[in-house]
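Residues per chain, in single letters:
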Amino acid sequence: MQMFNFFVIILGFISPCLCTRLNVGTKNNNYNVMDYGARGDGKTDDSHAFVNAWSSACKYGGTLTIPAEKSFMATNVKFSGPCKPKIHIQFDGKIVAPPKAVWKSGEYLIYIDNLDGLTIDGNGKGGADGDGSTWWQCQNCNRPGVQLFHFHSCKNLKVSNIMVTNSPSGHVSVNQCNGATFSHISINSPSNSPNTDGFDISFSSNILVEDSNIKSGDDCIAINGDSSFINATGITCGPGHGISVGSLGKVRPNDKVSDVHVRNCTFTGTSNGGRIKTKMGGSGYAKNIIFEEIILDNVKNPIIIDQKYKNGLPRNTDVVVSDVKFRGFTGTCSGDIAINLDCRKKLSVVCNNAYGTATNTIPSVTCLLK
Ligand SMILES: *[C@@H]1O[C@H](CO)[C@@H](O)[C@H](O)[C@H]1NC(C)=O
Ligand SMILES: *[C@@H]1O[C@H](CO)[C@@H](O)[C@H](O)[C@H]1NC(C)=O
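These numbers come from a predicted model, not from an experiment.

(A) The arrangement of the overall build of the protein in detail. Helix and strand counts for the protein come out as four helices and 24 strands. Overall, the protein is about 95 × 55 × 40 Å in size when its C-alpha atoms are taken along their principal axes. Every one of the 370 residues in the protein was classed for burial, and the buried ones make up 46%. A total accessible area of about 17900 Å² is found for the protein, and carbon and sulfur atoms account for 52% of it. For the protein, the centre of its 35 positive side-chain charges and the centre of its 29 negative side-chain charges are spaced 5 Å apart.

(B) Spotlight on the side chain of Thr65. Tracing the backbone shows Thr65 in strand 3 (residues 63-66). Under the relative-accessibility criterion, Thr65 is labelled buried at 13%. Once residues within four sequence positions are removed from consideration, Thr65 is found in contact with Asn30, Tyr31, Asn32, Val33 and Gln90.

(C) Representation of the nonpolar core in the model. Counting residues in hydrophobic clusters, the biggest one holds 76 residues, and the most contacted among them are Ile110, Phe149, Phe151, Phe182 and Ile221. The element best represented in this core is strand 11 (residues 149-165), accounting for seven residues. Setting aside residues up to four positions removed in sequence, Phe182 forms contacts with Phe151, Leu157, Val159, Val172, Val174, Phe199, Ile207, Leu208, Val209, Glu210 and Ser212.

(D) Main features of the pattern of salt bridges. Under the counting rule described, the total for this entry stands at six salt bridges. Among the salt bridges present, the one from Glu293 reaches Arg263, with a minimum N-O distance of 3.5 Å. Taken together, the residues span a long stretch of sequence, with Glu293 in strand 21 (residues 283-299) and Arg263 in strand 19 (residues 254-268) at a distance of 30 residues. Of the residues examined, Arg263 reaches a relative accessible area of 32% and is grouped as partly exposed. Salt-bridge contacts for Glu292 lead to Arg327; the nearest nitrogen and oxygen are separated by 2.8 Å. Remark: Arg327 occurs in strand 23 (residues 320-333) and Glu292 occurs in strand 21; sequence separation between them is 35 residues. Look at Glu292 and you get buried, because its relative accessible area is 11%. Using a relative accessible area of 40% as the deciding quantity, one classes Arg327 as partly exposed. If you follow the salt bridges from partner to partner, you end up with Asp219, Arg275 and Lys277 in one network.

(E) Representation of the pairing of strand 9 (residues 119-122) in the model. With burial as the criterion, only one face of strand 9 is covered, namely that bearing Ile120 and Gly122; the residues Thr119 and Asp121 on the opposite face remain uncovered. Note that strand 6 (residues 88-91) and strand 9 share four bridges and pair parallel. Directly across from Gln90, in strand 9, lies its bridge partner Asp121. Pairing geometry for strand 9 and strand 11, over three bridges, is parallel.

(F) Seen up close, the site of ligand 2. As a structural note, the neighbourhood of ligand 2 is formed by Gly234, Arg263 and Asn264. Asn264 has a polar side-chain atom sitting 2.3 Å from an oxygen atom of ligand 2. Alone, ligand 2 offers 360 Å² of accessible surface; in the complex the protein occludes 39% of this.

(G) Representation of the packing of aromatic side chains within the structure. Applying the stated criterion to the full structure yields 10 aromatic pairs. Consider the rings of Phe149 and Phe151, whose centres lie 6.0 Å apart with planes at 5 degrees: the pair is stacked. Here Phe149 and Phe151 have matching classes, each one buried. Three or more aromatic residues joined by ring pairs form one cluster here, namely Phe91, Phe149, Phe151, Phe182 and Phe199. Lying over the aromatic face of Trp135, Lys100 brings its terminal NZ or CZ to 5.8 Å of the ring centre. Over the face of the ring belonging to Tyr285 we find Lys287, whose NZ or CZ atom lies 4.4 Å from the ring centre.

(H) View of the state of the cysteines. Per the stated rule, a full pass over the model turns up four disulfides. Cys58 shares a disulfide with Cys83; S-S distance 2.1 Å. Between Cys58 and Cys83, the disulfide has an S-S torsion of -100 degrees and is therefore left-handed. Taken together, the residues span a long stretch of sequence, with Cys58 in helix 3 (residues 47-60) and Cys83 in the loop between strand 5 (77-80) and strand 6 at a distance of 25 residues. With relative accessibility at 12%, the residue Cys58 sits in the buried group. On the basis of relative accessibility, which here comes to 23%, the residue Cys83 falls in the partly exposed class. In this model, Cys154 is linked to Cys177 through a disulfide, with the two sulfur atoms separated by 2.0 Å. Residues Cys154 and Cys177 are joined by a disulfide whose S-S torsion is about 105 degrees; by sign, that bridge is right-handed. Placement of Cys154 in strand 11 and of Cys177 in the loop between strand 12 (172-175) and strand 13 (178-188) is noted, with a sequence separation of 23 residues between them. For Cys154, a relative accessible area of 3% translates into the label buried.

Cut-offs applied
- Residues numbered from 1 in each chain as written.
- Chains lettered and ligands numbered in written order.
- Predicted model: local features only at pLDDT ≥ 70, side-chain atom pairs only at ≥ 80, totals over all residues.
- Heavy atoms only, no water.
- Helix = DSSP H or I, 4+ residues; strand = E, 2+ residues; numbered from the N terminus.
- Buried < 20%, exposed > 50% of the residue type's maximum accessible area, 1.4 Å probe, protein only.
- Areas by Shrake-Rupley, 256 points an atom, 1.4 Å probe, with all protein chains shown as cover.
- Lys, Arg positive; Asp, Glu negative; His and termini not counted.
- Charge placed at Lys NZ, Arg CZ, Asp CG, Glu CD.
- Contact = heavy atoms within 4.5 Å.
- Core = buried A, V, L, I, M, F, W, Y, C linked by side-chain atoms within 4.5 Å.
- Salt bridge = Lys/Arg side-chain N within 4 Å of Asp/Glu carboxyl O.
- Pairing = 2+ DSSP bridges.
- Near = heavy atom within 4 Å.
- Polar contact = N/O pair within 3.5 Å; in protein donor to acceptor, adjacent residues only side chain to side chain.
- Phe/Tyr/Trp six-rings, centres within 6.5 Å; stacked < 30°, edge-to-face > 60°.
- Lys NZ or Arg CZ within 6 Å of the ring centre and 35° of its normal.
- Disulfide = S-S within 2.5 Å.

By themselves, these figures tell us nothing about what the structure is for.
Listed below in structure tokens is the structure:
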């Protein structure tokens, strides 16, 4: 054991590479991925450089820099904590996806996890490109099914001025986060790219998406189960499927969303504006939802509540939708139905002079006399 430790120390001294890295890390707390061996030519796999640069930034604190005008081919880039507080990522360059054959299903392009107080800022041109066109046309390809940016278990997160384009699937997902602001995010995929949600928010609270431009082949923003206090303001959406609460009741039976405030948004050529979609057979609720100050330009369904959203379960329950306000919608509609409130009929029970007991019934029988 003694001997082994000794060798490690000697090695540390004679390795010039290790010394350079230590200097990089401690000089000004700026960890540039180029100093960790990244090529930035868009072809070489630079994943290792990101791992190493992040490990220094996380350990010592400071800024991880992804320099401008470079493309870094990588996959499954993990920025995970816990780390020193106040880590910053200067995201001026791009992370680009590997070729389809290399990208394993179930891997995120960039996975940001378990961090408190992380800030990410860019020059507006840096971010991620998923090279999705190679996936969109392919019927039988197992698309990664995941996002380019996946934020998990974050607190007090601030992300601004980045661009996220051409995802094989969703672009940005926010899961189990509490307290996050996304500003000046530009998302860009064509209208014929299937299932390319802009933002997917789930199991999160106190999230603000503001002053952003979202073009996609699916929802611009989807607010999913177990989320509350979610705001979107100053969003321009289109092409895309609008800003949606749900679909709820799909994956988990008990989906809950409350306190959603969508304000000052513009929808251009979208299939929906403000939408709430729930599946039959689900349970839970969508409540305290406000869509206001909305500008519509050629929108097919500007206001829509759909309680019969596709592939429900054959159960006689519903996600309860209540306290919803749509106000200040102006503009043009490209379809025949401007307002579509398609709610499910509630089954009811009538008891007239009926005596007895009822157990485990749907709907429940509360009117039976003893
Ligand atoms: C969301 O908007 C509400 C007002 O509707 C406000 O009270 C709340 O602080 C906002 N939350 C965020 C995270 O912006
Ligand atoms: C509405 O959003 C736009 C960005 O789309 C922004 O420039 C404008 O200041 C916002 N107005 C208000 C009243 O918040």
